[in-house]
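Observations on the three-dimensional arrangement
Now for the letters of each chain:
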Amino acid sequence: MCGIVGYVGPRASQDILVSGLARLEYRGYDSAGIAVIDESGSLGMRKRAGKLSALREALAAEPIGAGTTGIGHTRWATHGGPTDENAHPHLADDDRLAVIHNGIIENFADLRRELAADGVTFRSETDTEVAAALLARAYRANGGDLVGAFRAVVHRLDGAFTLLATHEDHPGLVVGARRNSPLVIGLGEGENFLGSDVAAFVEHTRHALAIGQDEIVAITPDAVSVIDFDGNPVEPAPFEVSWDASAADKGGWSSFMAKEVSEEPEAVANTVRGRIRDGRIVIPELDGLDELFTGIERVVILACGTAYYSGLVGKYAIERWARIPVDVELAHEFRYRDPIVGASTLVVSISQSGETMDTLMAVKEAARLGAKTLSICNTQGATIPRESDAIVYTHAGPEVAVASTKAFVAQITALYLLALHVGRVREALSTDDAAEAVVQLEELPEKIQWILDNEQERIEQLAHWMADTRSVLFLGRHVGFPIALEGALKLKEISYIHAEGFAAGELKHGPIALIEPGQPVFVVVPSPRGNATMHAKVISNIEEIRARGARIIAIAEQGDTAVLPSADEMLRIPLASPLFEPILAVVPLHIFAMGLATAKGLDVDQPRNLAKSVTVE
Ligand code: F6R
């Protein structure tokens, strides 16, 4: 939540900050602002409620000047509504110090009272302005040392924060600090950058440094220095960003979501690439880490939202191929229920952003309890992988649309690779299963592409006809069940239509009461070749709801003629082994949600009330 960018260098910072914010806007888009200091030490600031376009208009009407040091912020509101006053930056020290913040300062009410008693007056309702006032006080007490002021203030703040500040006294300096909130450094030639993630600066440099937990960073055009909260020097870990700026552009597509759905084949292909050698799954990142998998008795998967649904699919694969019991838990539920995990548990976290606070805190809790931790993540340099014993990256490329699509298929792919790897290490995987899985994995991208080429138009047409629908249900069994949940979440999230996903077998235990004439129900139909009994059961479920007037939209494999008489609409997917069907069956559901939101004239990339990276609990 909230995107942060900082710049020092020879160039006018206004445009650099605004283009950085444009790439970070997926993190929050209810207000935006920048503060810039020119060489004479004069600070200019503009901020506006609304999307970045409102700030752009304000800057066009009244440019901020040619200052070469600056900070910028795009906000997802926590304390105080989305107004001009609550937008960041916040000023202090007679408007000579500008501060931006991502996170929540939990003790802000106490601090605000303390500062008010000290004579400070506030212009906003935010916790950030409290941090700005504290920094100003500490800055004066430290004789004008901004880093020293940060060191004094960070110890007073509870909760999560990335703070960035710049002061009129120090043109050419931006200072930042992070605790439980993301911040990375971009290294340029004679210029340096800070960002919530690398998207903030990837158009300028792909050389980056990761800032650890509880660290303070100071950047000038020629130097970067990092210390911990106690003032000890720290050597930040360097990494190279593997994608370039064009990967994070729309590239002619009507929306980022449309582009990202079209990239689902590539997301799977890139996640598999380099991990099959001589017909065997080999995950180079896990070389030498066999002991993570041999001594365990249980796997616990932790994630939120769409990533959680990928975990539900992954459970079937890990249990099948590695023969270890798997529990899948919502990360925010795990942490507060005194979980029973220890040295014989492998905790696998799944996160596209690698910054989801609920997941991060759950991983930390699991590590504290002695569990081994492995992160499946799409974002290099993110916090969750850095806090984990092992990492398996999904290589889906940058995902900008708030609704996760290509990352979801990549997450399932990575979980399958992991399941096959663990199955081999534990000698639980049969040669036949291993060989079949390799073939299936390699064929997936082409099969997803077939759906995009052959079914997308028809699905969009269907979505268009259904634009006035008020409620949609989704049913699935086995691996089709999490796909039903994902189909429902995607529809709610971007089209604001009531949608529910159910296990088909659960219908008769309650949800069937929802069925009334005309109720649209998507049904993920398993292959009759994979499991004839389950296929027959799902057809019976369809008949039960058809008899009560439901309108059935079946997602079934090509050539499944048994489902035809029961379906009002049939969306076809290519043939695959049962465990691989979910990666195909979800594609029509992503297209449908996007088509319906588009037909309703909604912004599919930035749905209301949401942000892509949920960095608050
Ligand atoms: C839904 C969606 C969210 C995320 C969830 C976890 O389309 O995108 O449900 O999946 O917020 O985010 P990450 O994967 O970044 O931890």
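Residues numbered from 1 in each chain as written. Predicted model: local features only at pLDDT ≥ 70, side-chain atom pairs only at ≥ 80, totals over all residues. Heavy atoms only, no water.

Here the focus is the site of the ligand. Of all residues adjacent to the ligand, which total 14 residues, the nearest are S351, Q352, S353, T356 and E493. Q352 places a main-chain nitrogen or oxygen 2.6 Å from an oxygen atom of the ligand. Taking K490, its side chain carries an N or O atom lying 2.7 Å from an oxygen atom of the ligand. A molecule is said to occupy a pocket when more than half its atoms come within 2 Å of that pocket's grid points, and by this definition the ligand occupies the largest pocket. Broken down by secondary-structure element, the contributors of at least two residues to the shell around the ligand are α9 (305-322) and α16 (480-495). Tallied by class, the residues present in the shell around the ligand amount to five nonpolar, seven polar and two charged. (Near = heavy atom within 4 Å. Polar contact = N/O pair within 3.5 Å; in protein donor to acceptor, adjacent residues only side chain to side chain. 1 Å grid on protein atoms, 1.4 Å probe; cavity = no way out; pocket = protein on both sides within 12 Å on 5 of 7 lines; lining within 4 Å. Sits in = over half its atoms within 2 Å of the grid points. Helix = DSSP H or I, 4+ residues; strand = E, 2+ residues; numbered from the N terminus. Nonpolar A, V, L, I, M, F, W, Y, C, P; charged D, E, K, R; others polar.)

Before going further, it helps to examine the environment of G28. With respect to the secondary-structure elements, G28 resides in the loop between α1 (13-24) and β2 (31-37). Using a relative accessible area of 0% as the deciding quantity, one classes G28 as buried. Put simply, G28 and V538 are 510 residues apart on the chain and 41 Å apart in space, counted from C-alpha to C-alpha. Once residues within four sequence positions are removed from consideration, G28 is found in contact with T74, R75, W76 and A611. (Buried < 20%, exposed > 50% of the residue type's maximum accessible area, 1.4 Å probe, protein only. Contact = heavy atoms within 4.5 Å.)

Here the focus is helix α7 (residues 264-272). Taken together, the buried positions of α7 are occupied by E264, P265, A267, V268, T271 and V272. All buried residues of α7 fall inside an arc of 165 degrees around its axis, so they share one side. Turning to α7, the residues buried within the fold contact α6 (256-262), β15 (276-277), β21 (390-393), α13 (406-425), α14 (431-454) and α18 (581-599). In the segment just after α7, G274 is the residue with positive phi, at about 80 degrees. (Arc of directions from axis to C-beta.)

Per the stated rule, a full pass over the model turns up 32 salt bridges. In this structure, D197 and R27 form a salt bridge, with 3.4 Å as the shortest nitrogen-oxygen distance. Residue D197 is located in the loop between β10 (192-195) and β11 (207-210), and its partner R27 is located in the loop between α1 and β2; the two are separated by 170 residues in the primary sequence. Taken individually, D197 and R27 each receive the classification buried, so the pair is uniform in this respect. Look at the salt bridges and you will find they share partners, linking E114, D118, R137 and R156 into a network. (Salt bridge = Lys/Arg side-chain N within 4 Å of Asp/Glu carboxyl O.)

On to the domain arrangement of the chain, then. When the parts come together, some accessible area is lost, and that loss is often what is quoted as the size of the interface. Each assigned domain of the chain is listed here: domain 1 (3-245), domain 2 (250-451) and domain 3 (457-599). Summarising the inter-unit geometry, the C-alpha centres of domain 2 and domain 3 are found 25 Å apart. Taken together, the contacts link 32 residues of domain 2 with 28 residues of domain 3. Across the domain 2 to domain 3 interface the summed buried area is about 2,600 Å²; carbon plus sulfur atoms make up 78%. Broken down residue by residue, the surface that domain 2 buries against domain 3 is led by Y316, W450 and I451, which jointly contribute 24%. Run the count over domain 2 and domain 3 and you get zero salt bridges. For the pair domain 2 and domain 3, the number of links is nine residue pairs in polar contact (both at pLDDT 80 or more). Looking at the side of domain 2 that touches domain 3, the elements with two or more residues in it are α6, α7, α9, α13 and α14. Here the side of domain 2 that touches domain 3 is built from residues that sort into 22 nonpolar, six polar and four charged. (Domains from an automatic or database assignment. Buried area = accessible area lost by both parts, 1.4 Å probe.)

What follows concerns empty space enclosed by the protein. Counting across every chain of the model gives four cavities of 30 Å³ or more. Of the pockets and cavities examined, the largest cavity occupies roughly 100 Å³. The wall of the largest cavity is formed by 14 residues, among which V479, P526, M534, P578 and E581 lie closest to the centre. Per-class residue counts for the lining of the largest cavity are seven nonpolar, five polar and two charged. In this structure, the second largest cavity occupies an estimated 80 Å³ of space. Along the walls of the second largest cavity sit 14 residues, with V184, S196, E355, G381 and A382 positioned nearest its centre. A breakdown of the residues in the lining of the second largest cavity according to their chemical character gives five nonpolar, five polar and four charged. (Points joined across faces, edges and corners; volume = space filled by probe spheres on them.)

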